[in-house]
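Given next are the chains, with one letter for each unit.
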Amino acid sequence: MAKRDYYEVLGVSKSASPEEIKKAYRKKAIQFHPDKNPGDKTAEENFKEAAEAYEVLSNPEKRQRYDQFGHSGLGGGQGGFSGHDMSMDDIFSMFGDIFGGGFGGFGGFGSGGGRTHRRTNRGSNLRVKASLTLKEIAHGTEKKIKVKKYVTCDSCHGSGAKGSDGYSTCSTCHGSGQVTRISNTFLGQMQTTSTCPTCGGEGQIITHKCDKCHGEGIVRGEEVINIKIPAGVAEGMQLSVSGKGNAARRGGVPGDLLVLINEVKHQELIRDENDLIYNLYLSFPDLALGTTSEIPTVDNKVKVKVDAGTQPEKILRLRGKGLPDLNGYGKGDLLVRIHVWVPKKLSNDEKKQLEKLQESDNFSAKNAASEDRNFFDKVKDMF
């Protein structure tokens, strides 16, 4: 099923400020919060959809790509954040902070559902470059990239503990990751909730650290990542592959892999957005007599007919021979710009032949001015 527009999901306009987007997300999250709608799958999906929309629109860089290219600009289904693919705890760990810690949990409903809100670590993002040829850009491609990064420790499976009895429940917060304090003020009793200082919000204490990762749950390693790149991307565009960045400490949420597009220049074709430009150099006899020339395209070569009397700087348009639009709105064109090649040195015989042609009225430059006047006379007649 096609994704809804993110602005529509949050109920804001495309010109909404960051504060308006944050306020709209908070309202939606409270409305569809699982603790407020127990057992309601539709509400849970709406909750995840709102989180996905907020993750994109609250990030200036992702919002700019989304405004320009839509959902395709976020990686063609490969990149960015997908709220529908994440657990509820992942969403809480990413966005729960916008609600503050003094409301009894996320959105004020944390105690109703019995959910504990342990702090979840998040791995850092990684950035790599992907160099693409025009042919790869025209058809889309897959790239396998070997990335050196932090990976989950295979000895403790990311827990950081040695064996199943290598950790215990925090005695301070009793596994909730939070501590609640009640203080007396002149306004009455005030209750505040904050991260547990003993376990750092994780709810557990490691008693026996893993020998390999020393309790971190991650080690230096590498991974070969398969990246699907949609057709029509451009230089400087950034795609995001969710969950392929650095692994997080002790079983947290991994970061993302950010792929920066680098466009390899073609030897003959020049890119102008979705159009391609080719400069075709012909001799004066070719332009005067007409000729057929072979033109390179992204995939192969095609022949084009140049009519007799074609003037320099004329542009021949080969429709649909350019690059595809990233959002699927057709293809650009291949523009063939005609140039005349003038030799810098001539033999004596060549000079004599050209001097003889100069004597012909048909080769006089005055004819060009005459043709221009005839053209404008025809335009006047049309009005």
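Below you will find a few notes about this structure. Given the structure is predicted, the values throughout are model-derived calculations rather than measurements.

Focus: the nonpolar core
In step 1: Counting residues in each nonpolar core, the largest one holds 38 residues, and the members touching the most others are L257 and V336.
In step 2: Contact partners of V336, with chain neighbours within four places excluded, come to Y278, L280, I295, K314, I315, L316 and L318.
In step 3: Membership of the second largest hydrophobic core comes to 21 residues, among which are V12, I21, Y54 and Y66.

Comments concerning the packing of aromatic side chains
For any pair of aromatic rings, the description rests on two quantities: the centre-to-centre distance and the angle between the ring planes.
In step 1: Tallying each qualifying case throughout the model produces three aromatic pairs.
In step 2: When the ring of Y25 is compared with that of Y54, the centres are 4.4 Å apart and the planes differ by 10°; the resulting orientation is stacked. Taken together, the positions of Y25 in helix α2 (residues 18-32) and Y54 in helix α3 (residues 41-57) put the pair 29 residues apart, joining distant regions of the chain.
In step 3: Assessed through its relative accessible area of 0%, Y25 is described here as buried.
In step 4: An aromatic cluster of three or more residues is present, and its members are Y6, Y7 and Y66.
In step 5: Taking the ring centre of Y150 as reference, the NZ or CZ of R220 above it sits at 4.8 Å.

Looking at the environment of K129
In step 1: By the element assignment, K129 lies in strand β1 (residues 126-132).
In step 2: Measuring from C-alpha to C-alpha, the distance between K129 and I261 comes to 6.0 Å, with 132 residues separating the pair along the chain.
In step 3: Once you skip the residues sitting within four places of it in the chain, K129 turns out to touch I145 and L260.

Side note on the sheet that holds β1
In step 1: Spatial strand order, β1-β9-β8: three strands in an open sheet with mixed pairing. Strands with a single pairing partner mark the edges of an open sheet, and in this sheet they are β1 and β8 (238-241). For this sheet, the mean inter-axis angle between neighbouring strands, taken without regard to orientation, is 30°.
In step 2: By the bridge criterion, four bridges tie β8 to strand β9 (residues 257-263) in an arrangement that is antiparallel. Paired with Q238 across the strands is L260, a residue of β9.

Side note on the sheet that holds strand β11 (residues 275-283)
In step 1: Pairing within the open sheet is mixed, and its four strands lie in the order β10-β11-β15-β14. Every interior strand has two partners, whereas the edge strands, β10 (270-272) and β14 (315-318), have only one. Taken pair by pair, the neighbouring strands of this sheet meet at an average axis angle of 30°, ignoring direction.
In step 2: Note that β11 and strand β15 (residues 334-341) share eight bridges and pair parallel. In the strand pairing of β15, S283 is matched with W341.

Concerning the pairing of β15
In step 1: With four bridges joining them, β14 and β15 adopt antiparallel strand pairing. Bridging from a neighbouring strand, L318 pairs with L334 of β15.

With respect to helix α4 (residues 60-69)
An α-helix turns once every 3.6 residues. As a result, residues three or four positions apart point the same way.
In step 1: Those residues of α4 that fall on the buried side of the exposure criterion are K62, R63, R65, Y66 and F69. Down the axis of α4, the smallest arc covering the buried residues is 165°, so these residues share one side. Opposite the packed face of α4, turned more than 90 degrees from it, sit the exposed residues P60, Q64 and Q68.
In step 2: The elements touched by buried residues of α4 are α1 (6-10), α2, α3 and β8.
In step 3: For α4, the capping residue at the N-terminal end is N59, with a side-chain oxygen 3.0 Å from the backbone nitrogen of E61.
In step 4: Taken from the residues just after α4, G70 is the one with a positive phi, measuring 70°.

Cut-offs and rules
- Position numbers for residues count from 1 along each chain, tracking the sequence in the order it is written.
- Under the rules for a predicted model, residues below a pLDDT of 70 receive no local features and side-chain atom pairs below 80 are neither given nor counted, while totals for whole chains, interfaces and linings still include all residues.
- With hydrogens and water excluded, all non-hydrogen atoms of the structure serve as input to the side-chain values.
- We define the nonpolar core as a collection of buried residues of types Ala, Val, Leu, Ile, Met, Phe, Trp, Tyr and Cys that are connected through side-chain atoms lying within 4.5 Å of one another.
- Burial classification: accessible surface area is computed with a 1.4 Å probe over protein chains only, and a residue below 20% of its type maximum counts as buried, one above 50% as exposed, and the rest as partly exposed.
- Any two residues whose heavy atoms approach within 4.5 Å at even a single point are treated as in contact.
- Stacked, tilted and edge-to-face are the three classes applied to pairs of Phe, Tyr and Trp rings, where Trp contributes its six-membered ring and a pair requires centres within 6.5 Å; stacked means planes under 30 degrees apart, edge-to-face means over 60, and tilted covers the rest.
- The way it works is that DSSP assigns letters per residue, a run of H or I at least four long becomes a helix, a run of E at least two long becomes a strand, and they are numbered from the N terminus.
- Charge over a ring is defined by NZ of Lys or CZ of Arg lying within 6 Å of the ring centre and within 35 degrees of the ring normal.
- One bridge is not enough; two strands pair if DSSP finds at least two bridges between them.
- Helix axes are fitted to C-alpha atoms over the stretch in contact, other axes to C-alpha atoms as well, and angles between N-to-C directions run from 0 to 180 degrees.
- The arc in question is the one spanned by the directions pointing from the helix axis to the C-beta atoms.
- Two N or O atoms count as a polar contact when they lie within 3.5 Å, although within protein this holds only if one can serve as hydrogen donor and the other as acceptor, and sequence-adjacent residues are included solely when both atoms are side-chain atoms.

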